[in-house]
There are 2 protein chains.
Amino acid sequence: MNVTKVRSSTNTYKVYIGEGLLEDLKSYLPKKYTSIMIVTDSMAGSYYLDKAKKGLAGEKVVATTIPAGEKSKSIQTFYNLHTDALNYGLDRQSLILALGGGVVGDLAGFVAATYMRGIDFIQVPTTILAHDSSVGGKVAINHEQGKNMIGSFYPPINVVYDVSTLFTLERKEIRSGYAEIAKEALIADRIFFQSLMEIDLFDLSNDQLASQIGRGVEIKASIVEADERESGVRKHLNFGHTLGHALESMLGYGEWTHGELVAIGMLFALRVSEDVFGTTLPYTQLHSWLRKNDYPLNLPDFEVQQIIEKMKIDKKTIGRSIQMVLLRDVGAPVTVQVDDNDMVRYLKSFMNDLKKI
Amino acid sequence: MNVTKVRSSTNTYKVYIGEGLLEDLKSYLPKKYTSIMIVTDSMAGSYYLDKAKKGLAGEKVVATTIPAGEKSKSIQTFYNLHTDALNYGLDRQSLILALGGGVVGDLAGFVAATYMRGIDFIQVPTTILAHDSSVGGKVAINHEQGKNMIGSFYPPINVVYDVSTLFTLERKEIRSGYAEIAKEALIADRIFFQSLMEIDLFDLSNDQLASQIGRGVEIKASIVEADERESGVRKHLNFGHTLGHALESMLGYGEWTHGELVAIGMLFALRVSEDVFGTTLPYTQLHSWLRKNDYPLNLPDFEVQQIIEKMKIDKKTIGRSIQMVLLRDVGAPVTVQVDDNDMVRYLKSFMNDLKKI
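Structural notes, computed from the coordinates. All values reported here derive from a predicted model rather than from experimental measurement.

Rules and cut-offs
- Residues numbered from 1 in each chain as written.
- Chains lettered and ligands numbered in written order.
- Predicted model: local features only at pLDDT ≥ 70, side-chain atom pairs only at ≥ 80, totals over all residues.
- Heavy atoms only, no water.
- Buried < 20%, exposed > 50% of the residue type's maximum accessible area, 1.4 Å probe, protein only.
- Helix = DSSP H or I, 4+ residues; strand = E, 2+ residues; numbered from the N terminus.
- Pairing = 2+ DSSP bridges.
- Right-handed = clockwise from strand over helix to strand, strands pointing away.
- Salt bridge = Lys/Arg side-chain N within 4 Å of Asp/Glu carboxyl O.
- Phe/Tyr/Trp six-rings, centres within 6.5 Å; stacked < 30°, edge-to-face > 60°.
- Lys NZ or Arg CZ within 6 Å of the ring centre and 35° of its normal.
- Least-squares fit on C-alpha atoms with pLDDT ≥ 70 in both.
- Contact = heavy atoms within 4.5 Å.
- Buried area = accessible area lost by both parts, 1.4 Å probe.
- Polar contact = N/O pair within 3.5 Å; in protein donor to acceptor, adjacent residues only side chain to side chain.

Further remarks concern the pairing of strand 3 (residues 36-41) of chain A. Residues and elements named next belong to chain A. When you tally the buried positions in strand 3, you get 6 out of 6 residues, the bulk of the element. Judged from the 6 bridges that link them, strand 3 and strand 4 (residues 61-66) form a sheet pairing that is parallel. When the bridges of strand 4 are listed, I38 appears paired with A63. Where the polypeptide runs from strand 3 across helix 1 (residues 42-55) and back to strand 4, its parallel neighbour, the crossover connection is right-handed. Pairing of strand 3 with strand 5 (residues 95-100) involves 5 bridges; the strand directions are parallel. Each residue of the ladder has a partner; that of V39, found in strand 5, is A98.

Counted according to the given criterion, the structure contains 39 salt bridges over all chains. Notably, a salt bridge pairs E230 of chain B with K138 of chain B, separated by 2.4 Å at the nearest N-O pair. Of the two residues, E230 of chain B is situated in the loop between helix 7 (206-226) and helix 8 (241-251) and K138 of chain B in strand 7 (residues 138-143); the sequence distance between them amounts to 92 residues. For the pair E230 of chain B and K138 of chain B, one class covers both residues: buried. Taken together, the shared-partner salt bridges in this structure form one network comprising E70, K73, D106, K147 and E248 of chain A.

The general pattern is negative phi for most residues beyond glycine and trans for most peptide bonds. Residue and element names in this part refer to chain A. If you check the backbone angles, M116 has positive phi at about 50° while not being a glycine. Mapped onto the elements, M116 comes out in the loop between helix 3 (102-114) and strand 6 (120-125). Residue class for M116 comes out buried when judged on its relative accessible area of 3%.

Looking along a regular strand, one sees the side chains alternate between the two faces of the sheet. Residues and elements named next belong to chain A. With 8 of 8 residues buried, strand 8 (residues 146-153) lies mostly within the body of the structure. As paired elements, strand 7 (residues 138-143) and strand 8 share 5 bridges and run antiparallel to each other. Residue K138 lies in a different strand from strand 8, and its bridge partner there is F153.

This paragraph deals with the packing of aromatic side chains. Taken as a whole and assessed by the stated rule, the structure comprises 12 aromatic pairs over all chains. For the ring pair F78 of chain B and F110 of chain B, a centre distance of 4.9 Å and an interplane angle of 25° mean the geometry is stacked. Separated by 32 residues along the polypeptide, F78 of chain B in helix 2 (residues 75-87) and F110 of chain B in helix 3 (residues 102-114) bring together distant segments of the chain. Neither residue differs from the other here; F78 of chain B and F110 of chain B are each classed as buried. Judged by centre distance (5.2 Å) and plane angle (55°), the ring pair of F268 of chain B and F350 of chain B falls under tilted. Placement of the pair is F268 of chain B in helix 9 (residues 258-277) and F350 of chain B in helix 12 (residues 340-356), with a sequence separation of 82 residues. You can call F350 of chain B buried: its relative accessible area is 1%. In this arrangement the basic side chain of R271 of chain A is found over the ring face of Y283 of chain A, its NZ or CZ atom lying 3.7 Å from the centre.

Attention now goes to the relation of the copies chain A and chain B. Its rotation angle being 180°, the transformation that places chain A on chain B also includes 0.0 Å of axial translation and leaves an RMSD of 0.0 Å. Both copies are brought into coincidence by an operation consistent with a two-fold rotation axis. Distance from the rotation axis, computed per C-alpha, reaches its smallest value in chain A at I75 of chain A: 4.0 Å. A shared binding surface is used by both copies, with 100% of the interface residues of chain A retained as interface residues in chain B.

Another aspect to go through is the interface of chain A and chain B. On the side of chain B, 38 residues touch chain A, which itself brings 38 residues to the contact. Of the roughly 3500 Å² buried at the junction of chain A and chain B (both faces included), carbon and sulfur atoms supply 58%. Contact with chain B buries surface across chain A, with Y79, R92 and R117 of chain A losing the most and accounting together for 25% of the total. For the interface between chain A and chain B, the tally reads 2 salt bridges. In this structure, R92 of chain A engages E230 of chain B in a salt bridge whose closest nitrogen and oxygen atoms are separated by 3.6 Å. Counting across the chain A and chain B interface gives 12 residue pairs in polar contact (both at pLDDT 80 or more). Among the elements of the structure, helix 2 (75-87), helix 3, strand 7 and strand 8 of chain A are those that each provide at least two residues to the side of chain A that touches chain B. Per-element accounting of the side of chain A that touches chain B gives the leading share, 7 residues, to helix 2 of chain A.

Set out below in structure tokens:
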């Protein structure tokens, strides 16, 4: 089992990564709770809810299931979960356990952060992508106008990552998760990045999964420890996300996966970085790897101006200027302000390049 | 000017209390913000919004006005304020300024706590009651099933209390505010309590107002500094609130003021305390003072069982047992678990007493 400690401003929690942890879920509870509400979605729940309940045998457990998909990160579902928690009689000594991917973790975490002004919660991620969102304490729901606009910094009490849950993932979910691992590699670890570029996503061993997720978590943990509230280096984790989030909000969340759009965002950020710093970065290498692993790269025709407007409601935006994370080199990220005219030029040229290949 | 420092887990803020502070509001900003969104209600806004804007001359200021009253502490208004903030282009370097009573402060504070995962906010209370809610970092909205069920601990950057705003208060608002001051006195300061019992609420001088609010703030500040997240002594601030909140939720928020119901809750808590500790407390003195100052004491006939059910969804409840703050003596509060059978007996006897006088 791989264990990573994460220090937050309010606690220190552990990320346990290994096989079969669900079966023994109870042993990862730090204390006795009056009751435990499992929040899961229709997908993860159908596979793992019974297993999780068995792993918690002897505890007072209730469960609530939300529809799978980004649409559940809404104000309405948020409120409904509060209603469920009240109806189940959860008190301040109760626990919320998020069993699922990033949507479940972000949403259930934000419910925990705000239920009676905050109760404990544990992340039990069941996707590769959620290795990212389950660490660092960012919890949120979406606003119609933008992703994760309503939320808090609220660290979990523990993260329990059972890699045996990952074998039921669809291919696009594997792609989505590995895009974030590739991002962590690009901003922090050249050797790790090169090793990733050699793997075939649909032929991964258990060991590879655990060790690559583990390395991703380590990178993420070291960054969020240095800057929990995203006033500095934590912004670097948004590499690929300025365009990624904009595309996601234009495509309406759900059709394309988060990571697939971040992958396109990373290609774009590499191109802009090359131009801004007059350097050469592994654009072509990443592009080939994405194609080899069937990442969709055929974006619909968007108006460049519309993309820019969406970029501007990104949370990193300050006074309406777009902030973008670029790379001076692999492992050397930097946040840069990009003016609108340059952005138009970059986007046009990038969208053309993307179509050509 | 009376200045009280409050240390929270994340910052130290100051509560400025004095006359005419609104006119110079700008000088209480700790730094330059990209923009300032004033949140006010139809009542406070009609009196003080222009003044506040003048006091912020030179800053980029926008304002949004919500309907006055507890009903605005809803999930819908919360979401609408997020929409306003996004439409106005607020970023992470922007400020939310809550101009109004407790409803505005709690709601706008919770919006600030969750907008892009938290931006700065300043409390500018315009009621006596808000001396309580503006200090201590509790922000929240209501759930249909209970008051303040959805919220955070999120301290303001400053509290700016202009007592000249208090002269437009209706009598019931003065009563409401002074009930909380009486509560602070009862749990912490016998001499202060005795001095309060001598005043006529509708014949207060400026100096009395500033000094009594100031003393209330000091008591509150010392308690929240010792226990920000309400795991211990902060619960004592709920003296009178177990019954008060239950009545408030049954009466639907708004008809009776918060403080008027807390006043009844304090009488009840004094009666229970006398029984539990076999002592004599100033029940009669408080009762006479409440009558002299026209506090309404004629509750509708409620089913005792219904009151108990409402009490059980109080946030202090642990595993469905009612926790109540009692007094061993004036200035000596203690949290006690009261079992359902005793509670039935106490409530029946108290409701009868209340009718008789």
